[in-house]
Amino acid sequence: MTLRLYDTATRSVRDFVPREAGKVGVYLCGLTLQAPPHIGHLRSGVNYDVLRRWLVASGFEVTFIRNLTDIDDKILVRAMEQGRPFWSIAYANELILAESYRALNVLQPTYEPRATGHIPEMQELIAKLIDTGHAYPATDGSGDVYFDVASWPAYGSLSGQSPDDMQSAGDAPERGKRDPRDFALWKGAKPDEPADAYWPSPWGRGRPGWHIECSAMCWRYLGAEFDIHGGGLDLTFPHHENEIAQSQAAGLPFARYWVHHGLLGIGGAKMGKSLGNALDLAYIESLGVRPVELRYYYASAHYRSLIDYSEDALRESAVAYRRIEGFVQRAAERVGAGELGVLPAGFAAAMDDDLNTSAGLAVLHDLLRDGNNALTSGDDVTVRTVLAAVRSMLDILGVDPLDPAWTGGGRAGDLRGVVDSLIALALEQRSQARSRKDWAAADAVRDQLKQAGVVVEDTPQGPRWTIGEQD
């Protein structure tokens, strides 16, 4: 099958045909760094990591760009509230974001550009727009530059909105605008904002608007036209609508496919710091849910679906993953880890069908039953075959229990190594107690481990431990 993706611009599932055979350029709108990431933000990273892994598995050479917005109105507000340089706030949150992505086994992007590193490209695009009559400097002395929405008849095509029904852009005072719907490309320096948050420009000292940065970075790293532009559904308007307008008005064909993921909410509301309902990775881990289990929770739902977070649903997903993990560990003990196998046709077909991970996992669970039956009957040939296939599917989703990201290396691997050592010590004490027939002491070690969330199972190969409940 050919990979098919839902394209927001055409409101249809389309065959994916890259601009250049064998190569794919992907741009993902990353975070605005005014605060640490919450688990809604992290869903985006995992969703597009799965897309990237599937593109690579399908034989494509992928250039993956994920930007960081490190200059923005929200960041400047935080800087003034906290009395800190804006860049120190952005960088501190960038480090937290990077650590969270590592914990979730999200592959590093090919490049991860910061907005502040691309001011010249932004200014070049703005100059093009002014020269072609699609932008204008404000005449009120503010130093602002605006995109002229009325000059671009296709404005609103991505989101399906009519410009006649749109309200003010709301990103700058209307006094300098020809039309309230016009949006800021460049924002002139203001006396009540940090003095170091500005750059020289032909229109006066100032800083970029939010939308122009992504157009500039797409252009810089992927060229005038590229394959896939991704981001959350909430970015469709106005951010992505404005990106298309300013890019194409500047002569850039821009993105061929627009792929948007559904949001993660809580209690029917959008998750966000301003609403006081944002949960971070540390909170999830405090529940006894591991990063690999959170990643599985994300991957279990279709990327375009809305996830309404609940602790019960997360725990159920974690238990489901532990069943898969249990099979992989038992099978690897029996026949060895082996190599990744050929992907089952049903799983590949599901992934080609707009990354239908939930259908792909149904294929995996069907195969898992065969693998567990083979373990019970001692059919090592089937165990080996199923293990290779199951691991290959889990690898696409980034949750293979035997991946070094989870077993040794990176944040998750380092933690697992510490836990391995501590539990090995406890099991050695239990073994010694059993050898001297001190059953009470042996049972006490087992019970203490169980209270800590570690389940010990005695097997012909010796004791085996897993985290969480087992069937």
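Note that this is a predicted model, so its numbers are computed, not measured.

**Observations regarding the domain arrangement of the protein**
Many analyses report the size of an interface as the accessible area lost when the parts associate. Here the protein is described as being made up of domain 1 (4–261), domain 2 (269–397) and domain 3 (415–467). Here the C-alpha centre of domain 2 lies 32 Å away from the C-alpha centre of domain 1. In this assembly, 28 residues from domain 1 lie in contact with 33 residues from domain 2. Both faces considered, domain 1 and domain 2 share a buried interface measuring about 2,600 Å² in area, 65% of it formed by carbon and sulfur atoms.

**Description of the nonpolar core**
Ranked by internal contacts, the top residues of the largest apolar core, which has 48 residues, are Phe 16, Leu 55, Ile 228, Phe 327 and Val 390. Counting contributing residues per domain, this core is built from domain 1 (4–261) and domain 2 (269–397), each supplying no fewer than three. If we ignore the near neighbours within four places in the chain, the residues touching Val 390 are Ile 324, Phe 327, Val 328, Leu 364, Leu 367 and Leu 368. By size, the runner-up hydrophobic cluster in this structure holds 45 residues, among which are Phe 86, Met 122, Tyr 198 and Ala 216.

**Describing the sheet that holds strand S5 (residues 135–137)**
Reading across the sheet, the 4 strands line up as S5-S6-S7-S8 and stay open at both edges, with antiparallel pairing between neighbours. Both edges of this open sheet fall to S5 and strand S8 (206–208), since each of them pairs with a single strand only. Strand after strand, the sheet turns through a mean of 20° between neighbouring axes, direction not considered. Taken together, the 3 bridges between strand S7 (residues 183–188) and S8 define a ladder with antiparallel strand orientation. Opposite Gly 188, over in S8, you have Gly 206 as the bridge partner.

**Considerations on the packing of helix H9 (residues 311–335) against helix H11 (residues 357–377)**
Where H9 meets H11, the closest approach of the two axes is 11 Å, and the angle between their N-to-C directions is 40°. What the angle tells us is that H9 and H11 run oblique. Judged by the sense of rotation from one axis to the other, the crossing of H9 with H11 is left-handed. Facing Ile 324, Phe 327, Arg 330, Ala 331 and Arg 334 of H9, the residues of H11 in contact are Leu 364, His 365, Leu 368, Gly 371, Asn 372 and Leu 375. A class-by-class count of the residues in the contact of H9 with H11 yields 6 nonpolar, 3 polar and 2 charged.

**Description of unusual backbone geometry**
Peptide bonds are mostly trans, and most non-glycine residues show a negative phi. Put simply, Phe 237 and Pro 238 share a cis peptide bond, and its omega is 5°. By the element assignment, Pro 238 lies in helix H6 (residues 236–249). Within the chain, Asn 105 stands out as a residue other than glycine whose phi angle is a positive 60°. Mapping Asn 105 onto the fold places it in the loop between helix H3 (86–103) and helix H4 (119–131).

**With respect to the pattern of salt bridges**
Tallying each qualifying case throughout the model produces 29 salt bridges. Linking Asp 49 and Arg 53 is a salt bridge whose minimum nitrogen-to-oxygen distance equals 2.8 Å. Taken as a pair, Asp 49 and Arg 53 lie in helix H1 (residues 39–57) at a separation of 4 residues, close to a single helical turn. Both residues of the pair, Asp 49 and Arg 53, belong to the buried class. Residue Arg 446 pairs with Asp 443 through a salt bridge whose shortest N-O separation is 3.5 Å. Linking Arg 446 with Asp 443, this pair stays in helix H15 (residues 439–451), spanning 3 residues, or about one helical turn.

**Regarding empty space enclosed by the protein**
Applying the stated criterion to the full structure yields 2 cavities of 30 Å³ or more. Of the volumes computed, that of the largest cavity is approximately 60 Å³. The wall of the largest cavity is formed by Val 46, Asn 47, Val 50, Tyr 298, Ala 299, Ala 301, His 302, Tyr 303, Leu 355 and Thr 357. For the lining of the largest cavity, the secondary structure elements donating two or more residues are H1 and helix H8 (291–300). Two domains each provide a minimum of three residues to the lining of the largest cavity, namely domain 1 (4–261) and domain 2 (269–397). Put simply, the second largest cavity is a space of about 30 Å³. Forming the boundary of the second largest cavity are Asn 47, Tyr 48, Leu 51, Val 259, Tyr 303 and Leu 355.

**Some thoughts on the pairing of strand S3 (residues 23–28)**
Counted residue by residue, S3 has 5 buried out of 6 residues, so it is predominantly covered. Of the strand pairs in this sheet, S3 and strand S4 (residues 61–66) are connected by 6 bridges, and their pairing is parallel. Looking at S4, one finds that Val 24 is bridged to Val 62. This β-α-β element, S3 to H1 to S4, shows right-handed connectivity. Sheet topology places S3 next to strand S9 (residues 225–232); 3 bridges connect them, and they run parallel. Bridging across to S9, Val 26 finds its partner in Ile 228.

**Here's the deal with the packing of H1 against H3**
Running from N to C, H1 and H3 cross one another at 55°; their axes reach a closest spacing of 10 Å. Taken as axis vectors, H1 and H3 run oblique relative to one another. Classified by chirality, the crossing of H3 by H1 is right-handed. Across the interface between the two elements, His 41, Leu 42 and Gly 45 of H1 pack against Leu 97, Ser 100 and Tyr 101 of H3. Tallied by class, residues from the contact of H1 with H3 come to 3 nonpolar, 3 polar and no charged.

Rules of the game
Residues numbered from 1 in each chain as written. Predicted model: local features only at pLDDT ≥ 70, side-chain atom pairs only at ≥ 80, totals over all residues. Heavy atoms only, no water. Domains from an automatic or database assignment. Contact = heavy atoms within 4.5 Å. Buried area = accessible area lost by both parts, 1.4 Å probe. Core = buried A, V, L, I, M, F, W, Y, C linked by side-chain atoms within 4.5 Å. Buried < 20%, exposed > 50% of the residue type's maximum accessible area, 1.4 Å probe, protein only. Pairing = 2+ DSSP bridges. Helix = DSSP H or I, 4+ residues; strand = E, 2+ residues; numbered from the N terminus. Axes fitted to C-alpha atoms, helices over the stretch in contact; angles between N-to-C directions. Parallel < 35°, antiparallel > 145°, perpendicular 65-115°, else oblique. Left-handed = near helix turned anticlockwise from the far one by under 90°. Nonpolar A, V, L, I, M, F, W, Y, C, P; charged D, E, K, R; others polar. Salt bridge = Lys/Arg side-chain N within 4 Å of Asp/Glu carboxyl O. 1 Å grid on protein atoms, 1.4 Å probe; cavity = no way out; pocket = protein on both sides within 12 Å on 5 of 7 lines; lining within 4 Å. Points joined across faces, edges and corners; volume = space filled by probe spheres on them. Right-handed = clockwise from strand over helix to strand, strands pointing away.

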